[in-house]
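# Descriptive structure summary
Chain residues, written in single-letter form:
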Amino acid sequence: MPTSSSRPDVQPGTPLVLVSGSGRSGTSSLAGTLKRLGLHVPQPEVEASETNPRGFYEPQWVIDFHKRHLKELALFNIDSRPAAVDLVAAHVASGVPTAELREWLAGQLALQRSGGEQIVVKDPHAFWFAEVWERVSAEVGADLRWLTALRHPAEVVGSRDIAYLSSQSEDLRLTKETSNVAGWVHAALLTELAGRDTRRAFVRYADLLADWRSALTPVQEQLDLEFDTDLSSTTHHPVDDFIEPSMRKSQLTWDDVRTPDWLREMAEEVWQLLGVLTDKPHDAAAQQRLDEIHADYTARYADAVALTFDHTRAEATLAGREAREAQRATVHQLRRDLERARRAQPPAVGGREAAAILRKAVVRRVTRRG
């Protein structure tokens, strides 16, 4: 295991910076900054939107790749379930994700080798497929380096849901925010673990917005990157027009988030330990403590699942009952529609006509319910 005074040995190749981190942690700001400092974002990129008018700086193919495979597994970006790791591993064992990424990344490297550009790929989903990225990068000659954006969990959890949940019941708020904090802890632990055997760096979102030059100076050294400017210079740079403190719209604290004390304390400790890694990306003591927290989280999650077994079983039973009742209601309505059609169209409707009426009725019912 690398220590704070050593860096992992890597094979020479095209620098590939994989920007990861929980959603709404500043990954777009970080990737956009690197692009303005001379790194290449594979095209086409995900287009800017009303929710992120400054842009995402995500290769469209990579986003589609990760989301499609996660959807097949019914996983969320920050899925709190420890078992999700095994689900992804089993899926990766099929070889399909590896083959797809190999074809895409080899094509990107073929385009870039003539220019010798450094590549930056940003996607908050990437940590789920860390094994695939490491294997494929080694095979095609890319020098993989992880860059993780850090933002306090209270801000991450609250930036999207607080406004909506403030008008909901206390039970719903506790459930939703507890799930979100648990998802943040799990994603943070998995993301940290993903980059342990590679050259890596961590940067706080608040530091990036306050002074991007100072925030990226250690990152440049830790990842051995070349920028198109001297970070010690104060000469105006396009990043100055891109990064500004006002981008940090959500500045919430734990006082704004409803979650059990033990989970809040766990998330806070993970946050503090990740902060240690901004200075020493492979600090042995911090990594050991994160492993201990990971084991504790897994055990507590198993306890919670066991404790809520009856609740989960009852909810599943009720959901199945509602689905069957809805199906019966649809069948009864289709029969009534067919009977009305038979009475309205003498002589009796034949097999083909009945099938056509049923098809039309189904279309009307589905359209109405959608």
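Further up the page is the structure itself.
All residue numbers refer to position in the chain's written sequence, counted from 1. pLDDT decides what is reported in this predicted model: residues at 70 or higher carry local features, side-chain atom pairs at 80 or more are listed and counted, and totals for whole chains, interfaces and linings draw on all residues regardless. No hydrogens and no water enter the side-chain calculation; it runs on all heavy atoms of the structure.

## Quick look at the overall build of the chain
Condition: Working definition: helices are DSSP H or I runs of at least four residues, strands are E runs of at least two. Numbering for both runs from the N terminus. With a 1.4 Å probe rolled over the protein chains alone, any residue whose accessible area is under 20% of its type maximum counts as buried; one over 50% counts as exposed, and the rest are partly exposed. Contacts are assigned to residue pairs that have any heavy atoms within 4.5 Å of one another. Per-residue and other accessible areas were derived by the Shrake-Rupley procedure at a 1.4 Å probe size, with only the shown protein chains allowed to occlude residues.
When helices and strands are tallied, the chain shows 14 helices and four strands. Within the chain, the proportion of its 370 residues that are buried is 46%. Sequence separation of at least 24 residues holds for 78% of the intrachain contacts in the chain that already meet a minimum separation of 6. When the accessible surface of the chain is split by element, carbon and sulfur atoms take 52% of a total near 19200 Å².

## Remarks on the sheet that holds strand S3 (residues 142-150)
The following threshold applies: Two strands pair under a simple rule: DSSP has to find at least two bridges between them. Angles here are taken between N-to-C directions and fall from 0 to 180 degrees, while the axes themselves are lines fitted to C-alpha atoms, restricted in helices to the stretch in contact.
Spatial strand order, S2-S1-S3-S4: four strands in an open sheet with parallel pairing. Across the chains shown, the open sheet's two edge strands, defined by having one partner strand only, are strand S2 (119-122) and strand S4 (199-204). Across the sheet, the mean angle separating the axes of adjacent strands is 20 degrees when strand polarity is ignored. As defined by bridge partners, strand S1 (residues 14-20) adjoins S2 across four bridges and the pair is classed as parallel. Note that in S2 the partner of Val19 across the bridge is Lys122. Against the sheet, helix H4 (residues 96-112) engages S1, S2 and S3, with an angle of about 145 degrees to S2. Across the sheet, helix H11 (residues 261-279) lies against S3 and S4, angled at about 120 degrees from S4, the strand it touches most.

## Digging into the pattern of salt bridges
The test is simple: One speaks of a salt bridge when a side-chain nitrogen belonging to Lys or Arg is within 4 Å of a carboxyl oxygen belonging to Asp or Glu.
Under the definition given, this model contains 21 salt bridges. Between Asp143 and Arg199 there is a salt bridge, and its shortest N-O distance comes to 3.7 Å. Highlighted residues: Asp143 in strand S3 and Arg199 in strand S4, separated in sequence by 56 residues. Taken as a pair, Asp143 and Arg199 share a single burial class, namely buried. The closest approach of N and O atoms between Arg264 and Asp261, which form a salt bridge, is 3.0 Å. Of this pair, Arg264 and Asp261 both sit in helix H11, three residues apart, which is roughly one turn of that helix. With relative accessibility at 25%, the residue Arg264 sits in the partly exposed group. One network of salt bridges, with partners in common, ties together Glu192, Arg196, Arg200 and Asp291.

## Overview of helix H1 (residues 27-36)
Of all the ten residues making up H1, eight are buried; the element is thus mostly covered by neighbouring parts of the structure. When H1 is considered as a whole, its buried residues turn out to be Thr27, Ser28, Ser29, Leu30, Ala31, Gly32, Thr33 and Leu34. At the exit of H1 stands Gly38, carrying a positive phi of roughly 110 degrees.

## Examining the pairing of S1
Summarising burial for S1: seven of the seven residues are buried, a large majority. Taking every second residue as pointing to the same face, both faces of S1 are buried, with Thr14, Leu16, Leu18 and Ser20 on one and Pro15, Val17 and Val19 on the other. As judged from the seven bridges shared by S1 and S3, these two strands associate in the parallel manner. Pairing of Pro15 across the sheet is with Asp143, part of S3.

## Thoughts on empty space enclosed by the protein
Rolling a probe over the atoms, with the probe sized like a water molecule, indicates the empty space that remains. Our working definition: Buried and open spaces are told apart on a 1 Å grid over the protein atoms alone, a cavity being a set of points where a 1.4 Å probe fits but cannot get out and a pocket being an open set with protein on both sides within 12 Å along at least five of seven lines. Residues with an atom within 4 Å of a point are the lining residues. Grid points are joined across faces, edges and corners, and a volume is the space filled by probe spheres set on the points.
Applying the stated criterion across every chain, the model contains one cavity of 30 Å³ or more. One number sums up the size of the largest cavity: a volume of about 110 Å³. Of all elements in the fold, only S3 and helix H7 (170-194) reach the threshold of two or more residues within the lining of the largest cavity. At five residues, the largest contribution of residues to the lining of the largest cavity is made by H7.

## Some remarks on H11
Rules: A helix is expected to reach a length of 1.5 Å times the quantity of its residues less one.
For H11, with 19 residues, the first-to-last C-alpha span of 29 Å sits near the 27 Å given by 1.5 Å per residue. Every buried residue of H11 is listed here: Leu263, Met266, Ala267, Val270, Trp271, Leu273, Leu274, Gly275, Leu277 and Thr278.

## Digging into the pairing of S4
Moving residue by residue along a regular strand, the side chains alternate between the two faces of the sheet. For S4, the buried fraction is high: five of the six residues fall into the buried class. Where S3 and S4 come together, six bridges link them in parallel fashion. Bridging across to S4, Leu147 finds its partner in Ala201.

## What to know about the layout of surface pockets
What the second largest pocket holds in volume is close to 270 Å³. What lines the second largest pocket is Val85, Val88, Ala89, Val92, Phe127, Trp128, Ala130, Glu131, Leu190, Leu193 and Ala194. Mapped onto the lining of the second largest pocket, the elements with two or more residues apiece are helix H3 (83-92), helix H5 (130-140) and H7. At four residues, H3 tops the list of elements feeding residues into the lining of the second largest pocket.

## Some thoughts on the packing of aromatic side chains
The following threshold applies: The pairing test for Phe, Tyr and Trp rings, Trp by its six-membered ring, is centres within 6.5 Å, and the orientation test on the planes gives stacked under 30 degrees, edge-to-face over 60, and tilted for anything in between. Two conditions define a charge located above a ring, namely a distance within 6 Å from the ring centre to NZ of Lys or CZ of Arg, and an angle within 35 degrees of the ring normal.
Inspection of every chain in the model, using the stated rule, returns six aromatic pairs. Ring plane angle 5 degrees and centroid distance 5.0 Å describe the contact between Trp61 and Trp104, whose orientation is recorded as stacked. Taken together, the positions of Trp61 in helix H2 (residues 60-72) and Trp104 in helix H4 put the pair 43 residues apart, joining distant regions of the chain. Its relative accessible area of 11% is what places Trp104 among the buried residues. Between Phe65 and Phe129, the aromatic rings sit 6.0 Å apart at their centres with planes inclined by 50 degrees, giving tilted as the arrangement. Placement of Phe65 in helix H2 and of Phe129 in the loop between S2 and H5 is noted, with a sequence separation of 64 residues between them. Summarising the burial analysis for this pair, Phe65 and Phe129 share the class buried. Lying across the ring of Phe242, Arg36 places its NZ or CZ 3.9 Å from the centre.

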